[in-house]
Amino acid sequence: MLAVQLAALLGGGTEDAGTDAGHEEALALLDGFDDALVDGLARVSGERADAVTALAAAFAGTPLADRLAEAADAVVSGSIAQEHLTALACGRIALYGAVHDALLGRLDTALGRERAEWPPTPGDPAADGSASSGSVAGGAASGGSAVDGAVPGDSAAGGGVSGGSATDGAAFGGSVAGGAVSAGSAVGGVVSGGSVPGGAVSGGSVAGGAVFGGSGTAAEAGGAGAQPVGNMLGGVRSWLRELAITGWRGVGHDLVSAADQIIEALLGVPSLRRLAVLLDGFAAELRACCPVGSAERLPVRRWADLWTRAVLLSQDGVLTGEPRPAVTVSGRLLVLGVDVHEHGTAVQFQVHAVLEPADGGRSRLVRTSVTVAKVDTIAGSALWKLSQHHKVLLAALAERRSLEITDMPLLDSGDLVWDDDRAFVSKPADPLAAARLCLSGALAPAVPPLDRVPVRIAEPVLVEGYKVTRDGSFDLGGAVLAVDTERLPGCGPLTPALVRASSACVGLVRWDGGQWTLQPLAVQTKVKRETAVVATGDWALGPTDPKAAKAEARAADAVSVLRERAGRLLRR
Amino acid sequence: MTDRSPDGATVWARHSRLRVVPPVQPRKLAKVPFVELADGRLQGVVSSGSDISRVYVSSIAAGTHNYNCSTNNNRPCGGLYGAPCKHLRALVTEAVVQYGVDRVSRYLRVEVPEGAELADCLGGVHEPAPAAVVFSRFLRHLAYLEVPGTTLPIPELHWFPATGVVR
């Protein structure tokens, strides 16, 4: 990332740090709705009721308009049904999706990064992009309208931000509405999935069609054999409804515990894993804050995010049906770094890399992930041990080598579905060298319509030639990028002090709370006055630092103790 | 703008990527394999010192500090002579290692004077409490180790960034 690129991203040092007016309006609508969830939708009045109505009103003229208006009325009159909550959740998703599109468009423009277009579903009748003029049912009837709607939405948002100067309300309004329509028609399928009778044209298959290309989703959602899954999802929706009506402030132990059995059941179904992991993390937070009524501070936007996301994933047909690999790919994989996500019972290692296809095609940015279940007392470098059967991937991280892959599935979202048997470790290539050589010019993947959430923005960049400011930010020729040193995972050797002493950094650009930040993955830094590269994945095969090795011995002991206890107590 | 510090209310209200549950500290699990602050109690499972296949379920209620200790088959612990048994003391000790003394004392609502042991600051009397619920939560905890991993992406985990543990 060059100084001029950073300056473009941050908006030339204007006060609002890289956001635009319409964007602020969209977030204000979002915040209004989120605030209503604090005390619950059962007793909204005055300002809070206005906020819910305002969210609905923002969708006037879109496929979601009628449903949202109806839902807002139901909230105000106090007769909230499941479908009303689903509609409101979809409104929030669509709005946030538009914010996502504007942000990512701005970032791509600043970086000069080219992004693949989300592929239209072949053979789809609604190819004219007129999703916004169709009825909800029309918009929902085909996955293609979701996809085609997304394209003009993207370009409008791109146009809105690429000007760089303050956009007038009308222009930006257009881009937000455009984005909202694109996301809205994508989620429109979800809304109607719950309410349109007749499994054959169920909107569930639309979401499936748009995101996963799954053809069997309608059958799975409506078929008799899948009844338990349908029940589970119904259970999730009831719990989420209870939460929304009660509000965060009203959450107590009983309501939280009611999720336990649901989560346990979800964990047994591989296709529902995403929902299980999400709800487990969410419920643990509610539990930790219980009784929430007296908590000093609440993560209002975050919990609204998690609730909304859970509502989306619990709709019939959204998750059932495996994601279909778009293609299989072969070639050289140059690792840029590993991003670690973790809550009490799950950890995901997400590797960012550049794929140089064996057929000589254009190189592209990819991600590949390994997720394992765990418990809270297993932490730090012992986490790597839980994923030790992906030895090839871990060796490439620890030894800083590139990988050769053969016929590995690559999803439309740019995610390689890792398979150790289709890969071998190749020549040395440290993350900084890989980024210097290959990052510019690599094609970024399209973002699936339902995954367009700002929190998912994590774009790898190389930053060099900066001065570290007093608060640890990187000053790049006068433009200052905040560095998120709180997000350095405990399972790696990278510390705030090493980042502070660094001279080059590969990291992920993220956006949160109205601010762009850099999350370091690897740095070139000084270790005992020698220049060295330190990366988050260095301990993938075990810690190289004696102190950490000792801690790991303790923690590895934790795994064996729990396994012993499980063996003795679990099957009796 | 009010409190803009990293833990301030404003930052919490308008951020999406937060670690709301602080990470726990690693500890030796042999004696007390399971500890949690849940359902209004500090509760957990303590391995028997004499019988390898027996465990005790111990709990202390927040606020009242009433305590209970029994085997997972609901037989009362023989060590409860009008005072907390060694299992309960072990539970408190390990909870302090895992969560830190502040979090445990805040949850139990107990004042711990400078230099005092948390276990010595609890009032409370013996009060029967359901062992089965705690034990089944422990079994559920153990069952996580048997949930298979996946290499399909879980985009939802972007909401849950890993953060540094104290080394």
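Since we're looking at a predicted model, the values are computed, not measured.

Some words on the nonpolar core
Counting residues in hydrophobic clusters, the biggest one holds 174 residues, and the most contacted among them are Leu41, Trp239, Leu243, Trp248, Trp303, Trp307 and Trp516 of chain A. Residue contributions to this core peak at 14 residues, all from helix 5 (residues 82-111) of chain A. Judged by nonpolar contacts, the second largest core, of 26 residues, contains Val24, Val46, Leu80 and Tyr99 of chain B.

As for the sheet that holds strand 2 (residues 41-47) of chain B
Residue and element names in this part refer to chain B. With antiparallel pairing, four strands are arranged side by side in an open sheet as 1-2-3-4. Where the open sheet ends on each side, the last strands, each with one partner, are strand 1 (34-38) and strand 4 (67-71). In this sheet, neighbouring strand axes are inclined to one another by 15° on average, regardless of whether the strands run parallel or antiparallel. Sheet topology note: the strand 2/strand 3 (residues 55-61) ladder contains seven bridges and is antiparallel.

Some thoughts on the pairing of strand 1 of chain B
Working note: regular strand, side chains alternate between the two faces of the sheet. All names here are of chain B. In terms of burial, strand 1 is largely enclosed, as five of its five residues are buried. Neither face of strand 1 is exposed, since Phe34, Glu36 and Ala38 on one face and Val35 and Leu37 on the opposite face are all buried. Pairing analysis gives five bridges linking strand 1 to strand 2, with the strands arranged antiparallel. The residue bridging Ala38 from the neighbouring strand is Arg41, located in strand 2. Connecting strand 1 to the antiparallel partner strand 2 that follows it, the hairpin turn spans two residues, and Asp39 within it adopts a positive phi of roughly 55°.

Re the domain arrangement of chain A
Residue and element names in this part refer to chain A. Taken domain by domain, chain A holds domain 1 (3-313), domain 2 (327-438) and domain 3 (449-535). Distance from the C-alpha centre of domain 2 to the C-alpha centre of domain 3: 20 Å. Facing the 22 residues of domain 2 at the interface are 22 residues of domain 3. With both sides pooled, the region where domain 2 packs onto domain 3 buries about 1600 Å², and carbon together with sulfur makes up 60% of that total. Considering only the side of domain 2, the residues that lose the most area to domain 3 are Arg367, Leu432 and Arg436, jointly responsible for 33% of the buried surface there. The partner of Arg510 in a salt bridge is Asp339, with the nearest N and O atoms 2.8 Å apart. Counting across the interface, domain 2 meets domain 3 through seven residue pairs in polar contact (both at pLDDT 80 or more). The set of elements that each furnish at least two residues to the side of domain 2 that touches domain 3 consists of strand 1 (327-343), strand 2 (346-357), strand 3 (364-373), helix 15 (382-386) and helix 17 (431-438).

Rules used throughout
Residues numbered from 1 in each chain as written. Chains lettered and ligands numbered in written order. Predicted model: local features only at pLDDT ≥ 70, side-chain atom pairs only at ≥ 80, totals over all residues. Heavy atoms only, no water. Core = buried A, V, L, I, M, F, W, Y, C linked by side-chain atoms within 4.5 Å. Buried < 20%, exposed > 50% of the residue type's maximum accessible area, 1.4 Å probe, protein only. Helix = DSSP H or I, 4+ residues; strand = E, 2+ residues; numbered from the N terminus. Pairing = 2+ DSSP bridges. Axes fitted to C-alpha atoms, helices over the stretch in contact; angles between N-to-C directions. Domains from an automatic or database assignment. Contact = heavy atoms within 4.5 Å. Buried area = accessible area lost by both parts, 1.4 Å probe. Salt bridge = Lys/Arg side-chain N within 4 Å of Asp/Glu carboxyl O. Polar contact = N/O pair within 3.5 Å; in protein donor to acceptor, adjacent residues only side chain to side chain.

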